[in-house]
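# Summary of structural features
Residues per chain, in single letters:
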Amino acid sequence: GKTIIVTGAASGIGAATARLVQAWGGRVIAVDRHQPADPVDAFFAADLSDRASIDALVAALPAGAHGLANIAGLPPTRPAAEVLRVNFVGLKHLTTRLVPNLADGAAIVNLASLAGLDWAEALPAVRASQDLAFEDVEAFCRDHGIAGARSYFFSKEALIAWTLRHRWTWRDRGIRMNAVSPGPVDTPILKDFVATLGARAEQDMAVMDRAGRPEDIAPVVGFLLSDASAWIRGANIPADGGLYAHVLDRRH
Ligand code: NAI
């Protein structure tokens, strides 16, 4: 079995991914602010919005993991700079610091979102964000007019672009990175999307047969962590009950 580091493992999609990895015979190293309720093989508490906490985490994590599932994330109800730190800057920092300690052939999977699919429309800011450091987040948000719920969208746009950009960065070691973009999923933060996105969230839900469940997303993450996806690199896979196709179809 593989050893997979799962961030955000205490709740929602991260918890479902941890259960799936174990059901498939793997070991889970959980990372979260909170202790997971479900049994995991190891748990490391960390604040993924904070560089020092991430550096301490990287020093503490065992070497040789076969996968990293970057699932921790904050909803658009949180302050803009904090959202950008957890959903993008911290994820980027953890991943680049951890790669030297991962096994050759390891797979990295980033939880993006349907909210990030228009990344190409925000290109100048998305390009400027790709090497964004912790200490520059506030100034970056100011300079690019990223405030309120926009920060959630931007964090996912930047993450999708970053995933595409690093399709071959670690190819010499066989390390791959991909993203998954869910539509609305029934977890504790679904109400925060509805609260901040208002009419748009209601329109989305009105055309859906149902909201997604964490168990709808975990197998996509699991596939991208497995050797079955060996030739998939720098991809962003929607898992949204058809909502992205609906949005595109309506637009064009
Ligand atoms: P959730 O709120 O159930 O789980 C998120 C987990 O991340 C929590 O356990 C939380 O403690 C952890 N976390 C948040 N900030 C942290 C920090 N600073 N340090 C350490 N851990 C931290 O949310 P859910 O829905 O499972 O979301 C998982 C991912 O899926 C997120 O990246 C989210 O943006 C993404 N997503 C969720 C959708 C939804 O409708 N629920 C839709 C599309 C994407």
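Look up: the structure comes first, before these words.
Residues numbered from 1 in each chain as written. Predicted model: local features only at pLDDT ≥ 70, side-chain atom pairs only at ≥ 80, totals over all residues. Heavy atoms only, no water.

### Some words on the site of the ligand
To keep things clear, this is the line we draw: A molecule or strand has a residue near it when one of that residue's heavy atoms lies within 4 Å. The term polar contact refers here to a pair of N or O atoms within 3.5 Å; inside protein, the definition further demands a hydrogen-donor-capable atom paired with an acceptor-capable atom, and it admits residues adjacent in sequence only when both atoms are side-chain atoms. Computed with the Shrake-Rupley method and a 1.4 Å probe, the accessible areas treat only the protein chains shown as cover for residues. Only protein atoms enter the calculation, which uses a 1 Å grid: trapped sets of points that fit a 1.4 Å probe without letting it out are cavities, open sets showing protein on both sides within 12 Å along at least five of seven lines are pockets, and any residue with an atom within 4 Å of a point is a lining residue. Here the criterion for a molecule occupying a pocket or cavity is that more than half of its atoms lie within 2 Å of the pocket grid points. Helix and strand definitions follow DSSP, with helices as H or I runs of at least four residues and strands as E runs of at least two, each counted in order from the N terminus. Following the grouping adopted for this structure description, the nonpolar residues are Ala, Val, Leu, Ile, Met, Phe, Trp, Tyr, Cys and Pro, the charged ones are Asp, Glu, Lys and Arg, and the polar ones are all others, Gly among them.
Around the ligand sit 30 residues in total, of which S11, I13, D32, Y152 and T187 are the nearest. S11 is positioned such that a nitrogen or oxygen atom in its side chain is 2.6 Å from an oxygen atom of the ligand. Coverage of the ligand by the protein amounts to 96% of the 830 Å² it exposes when considered alone. A molecule is said to occupy a pocket when more than half its atoms come within 2 Å of that pocket's grid points, and by this definition the ligand occupies the largest pocket. The set of elements that each furnish at least two residues to the shell around the ligand consists of α1 (12-23) and α6 (150-165). When its residues are assigned to classes, the shell around the ligand shows 17 nonpolar, nine polar and four charged.

### Thoughts on the side chain of S113
Spelled out, the test is: For every residue, the accessible area obtained with a 1.4 Å probe (protein chains only) is divided by the maximum for its type, and the residue is called buried under 20%, exposed over 50%, and partly exposed between those limits. Working rule for contacts: check all heavy atoms of both residues, and any pair within 4.5 Å makes them a contact.
Within the secondary structure layout, S113 lies in the loop between β5 (107-111) and α4 (123-129). With relative accessibility at 8%, the residue S113 sits in the buried group. In this structure the side chain of S113 is engaged in a polar contact, spanning 2.9 Å, whose partner is the backbone nitrogen of A115. Non-local contacts of S113, meaning those with residues more than four positions away in its chain, are made with Y152, K156, I160, V180, S181 and P182.

### Digging into helix α9 (residues 214-225)
For the record, the criterion: A helix is expected to span 1.5 Å multiplied by its residue count minus one.
Taking 1.5 Å of rise per residue, twelve residues should cover 16 Å, and α9 covers 16 Å from first to last C-alpha, within 8% of that figure. Within the span of α9, buried status applies to P214, I217, A218, V220, V221, G222, L224 and L225. Check the buried side of α9 and you find it contacts β1 (3-7), α1, β4 (67-70), β5, β6 (176-182) and β7 (236-239).

### Concerning the packing of helix α7 (residues 190-197) against helix α8 (residues 199-207)
Counted only if it meets this: The angle between two axes is taken between their N-to-C directions and runs from 0 to 180 degrees, where each axis is a line fitted to C-alpha atoms and a helix contributes only its stretch in contact. Orientation is classified from the angle alone, with under 35 degrees giving roughly parallel, over 145 giving roughly antiparallel, 65 to 115 giving roughly perpendicular, and any other angle giving oblique.
Where α7 contacts α8, the two axes come as close as 5 Å, and the packing angle between them is 125°. The angle between α7 and α8 falls in the class oblique. Residues F193, V194 and L197 of α7 lie in contact with α8, whose contacting residues are A199, R200 and A201.

### Describing the pattern of salt bridges
Quick reminder of the rule: Here, a salt bridge means any Lys or Arg side-chain nitrogen found within 4 Å of an Asp or Glu carboxyl oxygen.
Enumeration according to the criterion identifies 14 salt bridges in this entry. A salt bridge links D192 to K191, with the shortest nitrogen-to-oxygen separation between them at 3.8 Å. Taking the relative accessible area as the measure of exposure, D192 reaches 15% and is therefore buried. With a closest N to O distance of 2.8 Å, D216 and R210 form a salt bridge. Sharing partners across several salt bridges, the network here consists of R19, D38 and E215.

### A short note on the side chain of H93
When you line up the elements, H93 lands in helix α3 (residues 80-98). In this structure H93 touches R51, I54, D55 and F134, once residues within four positions along its chain are discounted.

### Structural notes on empty space enclosed by the protein
Quick note on the threshold: Grid points are joined across faces, edges and corners, and a volume is the space filled by probe spheres set on the points.
With the rule as written, the count across this model stands at two cavities of 30 Å³ or more. Empty space within the largest cavity amounts to approximately 50 Å³. As for the largest cavity, its lining consists of T7, L48, N70, A72, V86, G90, L91 and L94. With four residues, the top contributor of residues to the lining of the largest cavity is α3. Of the residues in the lining of the largest cavity, the class split is five nonpolar, three polar and no charged. Looking at the second largest cavity, its volume works out to about 40 Å³. Lining the second largest cavity, in full, are A9, A15, A18, R19, Q22, P36, D38, P39 and V40. Residue composition of the lining of the second largest cavity, grouped by class: six nonpolar, one polar and two charged.

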